[in-house]
2 protein chains.
Amino acid sequence: MTTNQPLIPLSQAKAPYFLGVDVGGTNIKIGLVDNGGKTLAFKEIETLEPDGPQAAVARMADTCRGLCAAAGLDFAKIARIGLGTPGSMDIARGLLIEPPNHPHWHHFPIRDALEKATGHKVSFANDANAAAFGEFWIGTGEKHASMVLLTLGTGVGGGIIVDGHLINGVNSFGSECGHVIVDSSPKARLCVWGGGRGHLEAYASASAVSAITIEGLQAGANSSLQAAYKSGEKISARRVYEAAEGGDKFALDIIDSTAVYLAIGITTMVHMVDPGLVVLGGAMDFGGHNSKVGMRFLNKIRSEFKELTFSNVAEGTTIDFATLGGDAGYLGAAGIARDDYLKLGLR
Amino acid sequence: MTTNQPLIPLSQAKAPYFLGVDVGGTNIKIGLVDNGGKTLAFKEIETLEPDGPQAAVARMADTCRGLCAAAGLDFAKIARIGLGTPGSMDIARGLLIEPPNHPHWHHFPIRDALEKATGHKVSFANDANAAAFGEFWIGTGEKHASMVLLTLGTGVGGGIIVDGHLINGVNSFGSECGHVIVDSSPKARLCVWGGGRGHLEAYASASAVSAITIEGLQAGANSSLQAAYKSGEKISARRVYEAAEGGDKFALDIIDSTAVYLAIGITTMVHMVDPGLVVLGGAMDFGGHNSKVGMRFLNKIRSEFKELTFSNVAEGTTIDFATLGGDAGYLGAAGIARDDYLKLGLR
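Residues numbered from 1 in each chain as written. Chains lettered and ligands numbered in written order. Predicted model: local features only at pLDDT ≥ 70, side-chain atom pairs only at ≥ 80, totals over all residues.

Draft legend 1. Local environment of the domain arrangement of chain A. Residues and elements named next belong to chain A. Per the domain assignment, the segments of chain A are domain 1 (10-134 + 326-346) and domain 2 (143-322). Between the C-alpha centres of domain 1 and domain 2 the distance comes to 28 Å. Across the contact, 12 residues belong to domain 1 and 13 residues belong to domain 2. At the level of elements, β5 (89-90), α3 (127-138) and α11 (328-346) are the ones that each hand at least two residues to the side of domain 1 that touches domain 2. (Domains from an automatic or database assignment. Contact = placed C-beta atoms within 7 Å. Helix = DSSP H or I, 4+ residues; strand = E, 2+ residues; numbered from the N terminus.)

What follows is the structure, given as structure tokens:
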């Protein structure tokens, strides 16, 4: 896998330079990024989670050095490194706590380990917050002062930026937009992380769409998906999207209903931070801008939001898809490093 | 009416000095405040809304001069003035839009008018946001970096401060915590401002508590309030509190249910901004810290929140009553002026 960003040569790049590291459960994406958000070099390496975090940190540091060498940049010229990882975490102390997809990495001081391995200062962030910062810096949010990003994937992540400032939270639980309550009834769906009831994630994540679809099929819904389901095929959100593209009414209804819950959550978020821009990222975009179903999904969210909010707020709020795709994480991590570097430089 | 803040003499005050102006529908509170948040002089004047905003601005400016004279401070020594008004408003442009309790003040450029009348720079804020900033600066939030304030009064207002930064919003609709959706069912109560369904304000404001109580009494609830209701007495939230103090089970249930909706809203707010501190201000505190009913209300909110959130977030979040009462608005306005003054001073 590579980046979708065009790579620029060092001769066209602007100092200072940053490295962005985006740690996932399977892969780690690392990019060398200039002051304008342009990528000079990129590499994706395997996480190899069971080998433990110290080994991974050593390979991250090697990759960082390799990217600089490939771009012809002295590694000492790196101004700062940004590191995004999945929660749970303690951002202020630079610790992983208990990230569910990294069982061998629990309670590891990853920020300090990467600082030691590279000799550079590291800015530490939640991966979804880093992705939000990427979209804010050089993606859909480029011309905005504030933004909310919702990442619709296996779960629902999020990142909130207010007047240029990323909301990390006092307990490193800021911007957890997937845990906004959109259904307070006793029958509300349970959050996959246990405990929470009626969270947005239980309605608008790919896992939720899959679960809701299967429940409907089990209840006898009239759908082209019935045959697939009965034959034991996995009914993923992707499969629901494909059925909807084929005109399946049941699948379209599921997508509409997902849009309604997203609109409820977005209304609440907008009434709290009034960002002017809400961006939908992540894999579950039902085809996005290039698909009839994706645009129906987006327009349903927009029209429901308009119903739920006040007219001047509706007029002053844009809802749109993200543009950076899987690159948002490493770009945002680099952007956070840049932001910290510039702030510290002012002191 | 006066302030509950002890007044200090100029000899004990610390420069720079600020004036805080808190505009309400009936009265305008103005305080002369030092760099540490101490009040040197205070006056409450009538709004005289029908006389129009220009006349009120002239009286505000006169009062500002008078307070300085009373404290023995040269008016020219004021560093900046803070002005809080009820919305709707355009904060960036310094305009009132259509504040419902100020029908003769619509579309008035109040910030620039006050600057012209005083010769000082004016920081402009929403009144609830100003109150939040007051509590954050020198009230319950004094030792915190972030805070959410909910003001429970006729409506539910709010103010959100993240890492010292007040969320005003791109459309001047930031921190409108009363419009967080806490019930998305089709039967949800309607927001008094029209349009919105299931907003926190429709469940946890004094007007909502009164309306919900009356509905219960009409449905035949067994309560000491029945006699009062049937005799035509007004069943205010205050009256519900008094009945609860007397042990009325129906009234206590209403207060418990109010706490449940507040906990739902607070959970959503905490999952978005993770402030570490949520403060309940406004007149509807059911007696606050000094009352058994008030503490039952607070503890019910706390226990429900604990059920609804994640254990580490519950541990890292304090929910408590505000401490500044009706002084929060003018103190916060002065605090916002101070904040802007200090920020601008760094440039």
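Draft legend 2. Structural view of the sheet that holds strand β8 (residues 147-152) of chain A. Residue and element names in this part refer to chain A. What the five strands build is an open sheet, ordered β10-β9-β8-β11-β12; its pairing is mixed. Single-partner strands in this sheet number two, and they are β10 (165-166) and β12 (318-321). Across six bridges, β8 lies against strand β9 (residues 156-162) in antiparallel orientation. Opposite L149, over in β9, you have G159 as the bridge partner. (Pairing = 2+ DSSP bridges.)

Draft legend 3. Expanded view of the interface of chain B and chain A. Contact residues are listed per partner, giving 39 residues for chain B and 39 residues for chain A. The dominant element in the side of chain B that touches chain A, judged by the number of residues it contributes, is helix α8 (residues 249-273) of chain B, at seven residues.

Draft legend 4. Here's a closer look at helix α7 (residues 237-245) of chain A. Residue and element names in this part refer to chain A. If you check which residues of α7 are buried, you get A237, V240, Y241, A243 and A244. The buried residues of α7 occupy an angular sector of 165° when projected down its axis, which confines them to one face. Buried residues along α7 sit against α5 (206-218), α6 (225-230), α8 (249-273) and α9 (292-308). In the segment just after α7, G247 is the residue with positive phi, at about 90°. (Buried ≥ 20, exposed ≤ 12 C-beta atoms within 10 Å, placed from the backbone. Arc of directions from axis to C-beta.)

Draft legend 5. Geometry of the relation of the copies chain B and chain A. Note on the copies: chain B fits chain A at an RMSD of 0.0 Å, the axial shift is 0.0 Å, and the rotation between them is 180°. Here the two chains are linked by the operation of a two-fold rotation axis. Ranked by how close their C-alpha atoms come to the rotation axis, the residues of chain B are headed by D183 of chain B, at 3.2 Å. Of all interface residues in chain B, 100% are interface residues in chain A too; the two copies therefore contact each other through one and the same surface. (Least-squares fit on C-alpha atoms with pLDDT ≥ 70 in both.)

Draft legend 6. Main features of helix α9 (residues 292-308) of chain B. Residue and element names in this part refer to chain B. If you check α9, its first and last C-alpha atoms are 24 Å apart, about what 17 residues at 1.5 Å a residue would give, namely 24 Å. Residues of α9 that are buried: V293, G294, F297, L298, I301, F305 and L308. Taken down its axis, α9 places every buried residue within 140° of arc, on the same side. Counted as exposed and oriented over 90 degrees from the buried face of α9: K292 and N299. On its buried face, α9 sits against α7 (237-245), α8, α10 (311-315) and β12 (318-321). (Expected span 1.5 Å × (residues − 1).)

Draft legend 7. Region of interest: the sheet that holds strand β7 (residues 122-126) of chain A. Residue and element names in this part refer to chain A. Taking strand neighbours across the sheet as the criterion, the five strands line up as β3-β2-β1-β4-β7 in an open arrangement whose pairing is mixed. Looking along the sheet, the strands with just one partner apiece sit at the ends: β3 (39-46) and β7. Along the sheet, successive strands turn relative to each other by an average axial angle of 15°, direction set aside. By the bridge criterion, six bridges tie strand β1 (residues 17-23) to strand β2 (residues 27-33) in an arrangement that is antiparallel. Its bridge partner being in β2, G20 is matched across the sheet by G31. On the sheet, helix α2 (residues 110-118) packs against β4 (78-85) and β7 and is oriented at approximately 145° with respect to β4. Of the strands in this sheet, β1, β4 and β7 touch α3, which is tilted by about 105° from β7. (Axes fitted to C-alpha atoms, helices over the stretch in contact; angles between N-to-C directions.)

Draft legend 8. Structural context of the pairing of β8 of chain A. Residue and element names in this part refer to chain A. Of all six residues making up β8, six are buried, and the element is well covered by its neighbours. Side-chain alternation along β8 places M147, L149 and T151 on one buried face and V148, L150 and L152 on a second face that is also buried. Where β8 hands over to β9, the hairpin turn is made up of three residues, counted between the paired strands.

Draft legend 9. Spatial organisation of the nonpolar core. Membership of the largest hydrophobic core comes to 223 residues, with the highest contact counts inside it found for V21, I81 and I255 of chain A together with V21, I81 and I255 of chain B. Here this core gets 15 residues from one element, more than from any other, and that element is α8 of chain B. Residues within four places of I81 of chain A in sequence aside, it is in contact with F18, L19, V21, C64, L114, T118, H120, V122 and A337 of chain A. (Core = buried A, V, L, I, M, F, W, Y, C linked by C-beta atoms within 7 Å.)

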